[in-house]
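# Topology and contacts: notes
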Amino acid sequence: MIPILSVRDLTVSLKRASGTVPVLERLSFELDRGRTIALVGESGCGKSMTALAIMGLLPDGFALEKGSILLDGEDVTKVPPARLRALRGNAMSMIFQEPMTALNPVFTVGDQICEALRLHQGLGRQAAMERALAMLKAVQIPAAEQRLHAYPHALSGGMRQRVMIAMALACRPKLLIADEPTTALDVTVQAQVFDLLKELQEEMGTAIVLITHDLGAVADITDTVAVLYAGRCVEHGPTLEVMEAPRHPYTRGLMACSPHLRLGAAAAGVPEPLQEIPGLVPPLGQRPPSCAFAPRCARATDKCSAQDQPPLAAISPDHEVSCWHPEERAVA
Amino acid sequence: MTAVENARPRPILQVNDLTVHFPAAGGKVVHAVDGVSFVVHEGRSLGIVGESGSGKSTTAQGVMRLVPATSGQVVLRDEDFLAMRGGRLREARRRIQMVFQDPFASLDPRRQAGELVAEPLRLLEGLSRRAAADRVAELLPTVGLPPEAAFLYPHQFSGGQRQRLCIARALATAPELIVCDEAVSALDVAIQAQILNLLRRLQQERGIAYIFISHDLGVVQHLCDEIAVMYLGQIIEQGPTASFFSAPRHPYSWSLISAAVPAGPLRERLKARYLVKGEPPSPIDPPAGCRFAGRCAFAVDRCRTETPLPRPVAPRHFVACHRAGEIEAPDFSSGEMARSA
Ligand SMILES: Nc1ncnc2c1ncn2[C@@H]1O[C@H](COP(=O)(O)OP(=O)(O)OP(=O)(O)O)[C@@H](O)[C@H]1O
Ligand SMILES: Nc1ncnc2c1ncn2[C@@H]1O[C@H](COP(=O)(O)OP(=O)(O)OP(=O)(O)O)[C@@H](O)[C@H]1O
Ligand code: SF4
Ligand code: SF4
Ligand SMILES: [Mg+2]
Ligand SMILES: [Mg+2]
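About the cut-offs
Residues numbered from 1 in each chain as written. Chains lettered and ligands numbered in written order. Predicted model: local features only at pLDDT ≥ 70, side-chain atom pairs only at ≥ 80, totals over all residues. Heavy atoms only, no water. Helix = DSSP H or I, 4+ residues; strand = E, 2+ residues; numbered from the N terminus. Expected span 1.5 Å × (residues − 1). Buried < 20%, exposed > 50% of the residue type's maximum accessible area, 1.4 Å probe, protein only. Contact = heavy atoms within 4.5 Å. Buried area = accessible area lost by both parts, 1.4 Å probe. Salt bridge = Lys/Arg side-chain N within 4 Å of Asp/Glu carboxyl O. Polar contact = N/O pair within 3.5 Å; in protein donor to acceptor, adjacent residues only side chain to side chain. Pairing = 2+ DSSP bridges. Right-handed = clockwise from strand over helix to strand, strands pointing away. Core = buried A, V, L, I, M, F, W, Y, C linked by side-chain atoms within 4.5 Å. Domains from an automatic or database assignment. Near = heavy atom within 4 Å. Nonpolar A, V, L, I, M, F, W, Y, C, P; charged D, E, K, R; others polar. pLDDT = per-residue confidence, 0-100.

### Structural notes on helix α7 (residues 157-169) of chain A
Residues and elements named next belong to chain A. Between its first and last C-alpha, α7 extends 18 Å over 13 residues, near the 18 Å set by a 1.5 Å rise per residue. Burial runs high along α7: 11 of the 13 residues are buried. Three or more residues of α7 are buried, namely Gly-158, Met-159, Arg-160, Gln-161, Arg-162, Val-163, Met-164, Ile-165, Ala-166, Ala-168 and Leu-169.

### Points about the interface of chain B and chain A
Contact with chain B, which involves 42 residues of that partner, is made by 42 residues of chain A. Between chain B and chain A, the buried area comes to about 3700 Å², and carbon and sulfur atoms account for 60% of it. If you sort the residues of chain B by the area they bury against chain A, B:Val189, B:His215 and B:Glu279 come out on top, with a joint share of 16%. Along the contact surface separating chain B from chain A lie two salt bridges. Of the charged contacts in the structure, one is a salt bridge between A:Asp220 and B:Arg267, with a shortest N-O distance of 2.8 Å. The interface formed by chain B and chain A holds nine residue pairs in polar contact (both at pLDDT 80 or more) in total.

### Considerations on the pairing of strand β7 (residues 177-181) of chain B
Residue and element names in this part refer to chain B. When you tally the buried positions in β7, you get five out of five residues, the bulk of the element. With four bridges connecting them, strand β6 (residues 96-99) and β7 associate as parallel partners. Bridge assignment links Met-98 to a residue of β7, and that residue is Val-179. Here five bridges tie β7 to strand β8 (residues 209-213), and the two strands are oriented parallel to one another. Each bridged residue has a counterpart across the sheet, and for Cys-180 the counterpart in β8 is Phe-212. Regarding topology, helix α7 (residues 189-206) serves as the crossover connection from β7 to the parallel β8, and that connection is right-handed.

### Side note on the pattern of salt bridges
Residue and element names in this part refer to chain B. With the rule as written, the count across this model stands at 32 salt bridges over all chains. For Glu-91, the salt bridge goes to Arg-95, with nearest N and O atoms at 3.0 Å. With Glu-91 and Arg-95 both in helix α3 (residues 86-95), this residue pair falls four residues apart, about one helical turn. The exposure class assigned to Glu-91 is partly exposed, which follows from its relative accessible area of 34%. Among the residues examined, Arg-95 registers a relative accessible area of 13% and is labelled buried.

### Remarks on the nonpolar core
Core analysis: the largest hydrophobic core is formed by 138 residues, its most contacted members being A:Leu175 and B:Phe212. Top element by residues in this core is α7(B). It accounts for nine residues. When residues are assigned to domains, this core turns out to be shared by domain 1 (3-246) and domain 2 (250-341) of chain B, each giving three or more. The contacts of A:Leu175, once residues within four sequence positions are left out, are A:Ile4, A:Leu5, A:Leu31, A:Ile54, A:Leu71, A:Ala91, A:Met92, A:Ser93, A:Thr206, A:Ala207 and A:Val209.

### A word on the site of ligand 4
Neighbouring ligand 4 are the residues B:His250, B:Pro251, B:Cys290, B:Phe292, B:Ala293, B:Cys296, B:Phe298, B:Ala299, B:Cys303, B:Cys321, B:His322 and B:Arg323. Across the shell around ligand 4, the residue classes tally to nine nonpolar, two polar and one charged.

### Looking at the site of ligand 3
As a structural note, the neighbourhood of ligand 3 is formed by A:His248, A:Pro249, A:Cys291, A:Phe293, A:Ala294, A:Cys297, A:Arg299, A:Ala300, A:Cys304, A:Cys323, A:Trp324 and A:His325. Grouping the amino acids of the shell around ligand 3 by side-chain chemistry returns nine nonpolar, two polar and one charged.

### Overview of the confidence of the model for chain B
All names here are of chain B. Summary statistics for chain B give a mean pLDDT of 89 and a share of 95% for residues scoring 70 or more. Looking at the elements of chain B, mean pLDDT is at its lowest for helix α12 (residues 337-340), recorded as 42, and at its highest for strand β10 (residues 234-240), recorded as 98. Across residues 335-341, where pLDDT falls below 50, the model places nine contacts with residues more than four positions away in sequence or in other chains.

### Section: unusual backbone geometry
Residue and element names in this part refer to chain B. Residue Leu-232 is not a glycine yet carries a positive backbone phi of 45 degrees. Owing to a relative accessible area of 4%, Leu-232 belongs among the buried residues under this scheme. Backbone geometry places Arg-316, a non-glycine residue, at a positive phi of 60 degrees. Note that Arg-316 resides in the loop between β11 (311-314) and β12 (317-319).

### Remarks on the domain arrangement of chain B
Size of an interface: often given as the accessible area lost when the parts come together. All names here are of chain B. Domain annotation of chain B identifies domain 1 (3-246) and domain 2 (250-341). A C-alpha centroid distance of 27 Å is found between domain 1 and domain 2. In this complex, domain 1 contributes 26 residues to the contact, which on the side of domain 2 involves 26 residues. Of the roughly 2200 Å² buried between domain 1 and domain 2 on both sides combined, carbon and sulfur atoms contribute 58%. Its salt-bridge partner being Glu-226, residue Arg-316 comes within 3.5 Å of it at the nearest N-O pair. Applying the counting criterion to the domain 1 and domain 2 interface returns 13 residue pairs in polar contact (both at pLDDT 80 or more). Elements with a minimum of two residues in the side of domain 1 that touches domain 2: β2 (28-41), β3 (45-50), β9 (226-231), β10 and α9 (241-246). Per-element tally for the side of domain 1 that touches domain 2: the top contributor is β10, with seven residues.

In structure tokens:
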């Protein structure tokens, strides 16, 4: 079985007056039908850029230098623009972080879902409306019949995000990219949105690329995880394995940063100070060929800054790490 | 530490029965905040949690006088803050500052960071440009920014750096209380940890008190000494952090917690039993009785007619539920295990 998505050696750069600077470097990952991969990493590490590259929506000035992106075997980096438009919203679709910017304020929710269905699936007006209604019901929007005729501003944040999901899934895409789909929402709605994505995925077999800062959600709903640092993949493997035994110092740092909820008897004590990763992600154009994490890494040695970025090497089947001195597996 | 512990901290801010209503179409009324009361102590943090639309921001804005209170009292030290005017008000504003969720929206893009941080100093303390610039140069390193950052414009900072800038601005007037409305929600976990540690360090060094609004229970638990849970404009449970997370008593608190528990068997068990579905009712004409009754698995007839009042269930821990104590509380016993499971 070929994977739904196969990203190989993806390299994206930004053209500046001073020359081209790398934004993403040699990114590779695969995603099977019905599976979910998480892209994690600090702000500015290239998560959204990866998503936009897959969708063929790189902003002006950014160019795909190298690599291929196979969607169900078809290289979307090589197809003509018309074909790409046909794939977008049909075979692959994206949920953006801020639903208000992605929803058109002057059209009703129903019209916006219908447009995609009529454009891509050639449905007639009536059929499209019926499908739109079914989608709103599928995403558990209360009073869906009325909401079909509502304008986006009249919906709460949680409902808007569900409308986005309904829109993104209306054409039953093979691939869904969700870029921080719940950041704007509160926990209860977040949990509902993730449950919903999981349910719809099971039903439709959609493959999902999930971009999120929420490591709880990563653990909860993804199968594999790719950790990006400064535009490079530094760790990649099965979610459970990576989260339980992160081997790259950066991954371990990220895991230690988020406060864990303590309940019951465990809630009694005083919280330990939160661990920090000192310093910041280097900005574009200031990323050395050697390990870009070195200035912030407690395990760094001379070798780390003298040699090129270490290759992503298998550390166990399916689990790869790009580090000269990977962390030990925690002793059980 | 122990000295502070023993010398009971004094209240800085007392909010009594704060109500903020907004007019809605057709002469109706949005009950955004309906009778909220709490106390914030010197050098302590109060966390406010609750679903979207529950009135957290409006509470903060009512306290800060950014929206007019419909009724109620806000007492700063011993003075009625809502009644202050002129010089007294300016002096009081110096002592309470606010940090918002979206650092970009709260920073004027056309002004340099230094001017932005200096603004409250010039406005509220009447400092000269020179004196303000000197203070800014001291402040920026406190929040982990180099002094040269003063000459950059907001778009030249990352999201986390912009939030540090907002904190520097809030710190400029040496406030006693900072209200943080989702101040770390938009940041990634690494920057969030840096900012949380910064807030805590500033609290220890300067005795600043916080009202900390967040939808992330883990963050609130980490930073706050007390928690207030809001639902549809009201506080439905309130208490010391340890007491609240050891034994929360309100069915809505159970739902919030179930949604936040890390993945694992405990989460599945809690979610199946306690996570509520759907949306809260409209704050326009909220239902009579317990506002949570429509979604509460434990509701009885009485809940739909009679408003539950806050009752003490443990020291300084209050719950507004007719059936608190009567219904069986969730078992979190595998709470620690769930993390590694
Ligand atoms: N329109 C743009 N012009 C120039 N640089 C950009 C633009 N958009 C993004 N960048 C830069 O490209 C790099 C990758 O950005 P990207 O948006 O992919 O980060 P991200 O991982 O999605 O971060 P976040 O978690 O903040 O969304 C960053 O260094 C960012 O500053
Ligand atoms: N200026 C206003 N006019 C009318 N209604 C308002 C106004 N501001 C807030 N509301 C309403 O008051 C209620 C409380 O809103 P508030 O912003 O305080 O909620 P919140 O708890 O901060 O939510 P979130 O987590 O989404 O920030 C909501 O129903 C909101 O729609
Ligand atoms: S290669 Fe060296 S600097 Fe980079 S993460 Fe590994 S130990 Fe740290
Ligand atoms: S008062 Fe009744 S409806 Fe309200 S939370 Fe308690 S049991 Fe549920
Ligand atoms: Mg992004
Ligand atoms: Mg708010």
